[in-house]
Amino acid sequence: MEIRVSNIEAAATLDALLERVRSSGETVVIEKDGQPAGRIVPLDSAAPKRTGTGADLVALLRSWEPLNDGWAEGVEEAIRLGNQPMTVEDPWER
C-alpha cells in the first residue's frame, strides 16, 4: 500500500512514518507543492535482489572483453621508471 503526505506533514511526523514503513511495509510518497518529490520504502524492497552464485559472477566477469586502453601499460612504465617525475627540458638551454 502507498500513502501520500506533504513535505510539511512528513517533516512533522517523520518518526511515525518510518515506524509505519518498517512495521507494515507501506510505501510513503512525499509531495512538495502537490507533486511527488520522494519516496520512503521498506528496506527489503529497496535493496537489490541477490540472485545467482559466485560461479555466475565469475562467468560474467570472464565474458567481458578485456580493456586495452593503455592504462595498464602506463602503470607498468611508471613502475619501471621507479615512479620518478619526468624531467622537462628547459627551452632556454638550447
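In what follows, the structure referred to is the one given above.
So, a few notes on the structure that sits alongside this text. Fair warning: this is a prediction, and the values are worked out from it, not measured in the lab. (Residues numbered from 1 in each chain as written. Predicted model: local features only at pLDDT ≥ 70, side-chain atom pairs only at ≥ 80, totals over all residues. Heavy atoms only, no water.)

## Details of the overall build of the protein chain
- Looking only at helices and strands, the protein chain features 5 helices and 3 strands.
- Mapped from its N terminus to its C terminus, the protein chain presents α and β elements in the order β-α-α-β-β-α-α-α.
- Its C-alpha radius of gyration of 27 Å places the protein chain more than 25% over the 12 Å reference for a compact globule of 94 residues.
- Projected onto its principal axes, the C-alpha positions of the protein chain cover 75 × 45 × 20 Å.
- For the protein chain, with 94 residues in total, the buried portion stands at 14%.
- Considering only residue pairs separated by 6 or more positions, the protein chain has 37% of its internal contacts joining residues 24 or more positions apart. (Helix = DSSP H or I, 4+ residues; strand = E, 2+ residues; numbered from the N terminus. Rg over C-alpha atoms; globule rule 2.2 N^0.38 Å. Buried < 20%, exposed > 50% of the residue type's maximum accessible area, 1.4 Å probe, protein only. Contact = heavy atoms within 4.5 Å.)

## Some words on the nonpolar core
- In this structure, Ile3, Val5, Ala10, Leu17, Val21, Val28, Ile30 and Ile40 together form the largest nonpolar core, which totals 8 residues.
- When residues of this core are traced back to their parent elements, those giving at least two are strand E1 (2–6), helix H2 (14–24) and strand E2 (27–32).
- Residues in contact with Val28, not counting those within four places in the same chain, are Ile3, Val5, Leu17, Val21, Gly38, Arg39 and Ile40. (Core = buried A, V, L, I, M, F, W, Y, C linked by side-chain atoms within 4.5 Å.)

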